[in-house]
Amino acid sequence: PRSFFTTGVGTASAGLTCAAVKNESSKEFHLEAGALVLADKGVCCIDEFGCIREEDRVTIHEALEQQTISIAKAGIVCKLNTRATVIAVMNPK
């Protein structure tokens with residue numbers, strides 16, 4: 001099975017879902033998959049989940065509930081699959 005590991009320290013929602021990146025030479029945008037998209041049909045392990053900012057945690061709810069993410073960035077509109085088992089670990093306060 002496919003697996004992907006990431007840490008919540010310094011992670012933004014784009015790193016977990018998808019980011020629009022501009023190609024400097026062609027000036028066009030393309031999508032770069034985040035951890036949840038890369039782990040599609042596999043396992044995504046997120047360490048230090050408590051370090052992810054609250055607003056970034058909210059953006060991954062669709063990925064966790066619907067197993068897809070809807071993208072509308074830089075003129076690109078699409079839906080990507082995030083059919084992954086998520087293991088999120090955090091330290092209690």
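See the structure printed just above.
For clarity, every value in this text was computed on a predicted model and none was experimentally measured. (Residues numbered from 1 in each chain as written. Predicted model: local features only at pLDDT ≥ 70, side-chain atom pairs only at ≥ 80, totals over all residues. Heavy atoms only, no water.)

Novice: Now, about the pairing of strand β6 (residues 76-81): what can you tell me, with residues and values included?
Specialist: Pairing geometry for strand β5 (residues 68-73) and β6, over six bridges, is antiparallel. Its bridge partner lying in β6, Ala-72 is registered against Val-77. Between β5 and β6, which pair antiparallel one after the other, the connecting turn spans two residues, and Ala-74 there sits at a positive phi close to 50 degrees. (Pairing = 2+ DSSP bridges. Helix = DSSP H or I, 4+ residues; strand = E, 2+ residues; numbered from the N terminus.)

Novice: Break down the nonpolar core for me, with residues and values.
Specialist: Ranked by internal contacts, the top residues of the largest apolar core, which has 15 residues, are Leu-16, Leu-36, Cys-44, Ile-46 and Ile-69. When residues of this core are traced back to their parent elements, those giving at least two are α2 (35-38), β4 (42-47) and β5. Looking at this core, the element that brings in the most residues is α2, giving three residues. Excluding residues within four positions of it along the chain, Ile-46 makes contact with Thr-6, Gly-8, Leu-16, Ile-52, Val-86, Ile-87, Ala-88 and Val-89. (Core = buried A, V, L, I, M, F, W, Y, C linked by side-chain atoms within 4.5 Å. Buried < 20%, exposed > 50% of the residue type's maximum accessible area, 1.4 Å probe, protein only. Contact = heavy atoms within 4.5 Å.)

Novice: Account for unusual backbone geometry, with residues named and values stated.
Specialist: Backbone geometry places Gln-67, a non-glycine residue, at a positive phi of 60 degrees. Here Gln-67 falls in the partly exposed class, since its relative accessible area comes to 38%. Of note, Ala-74 is a non-glycine position whose phi angle comes to about 50 degrees, a positive value. Residue position: Ala-74 is located in the loop between β5 and β6.

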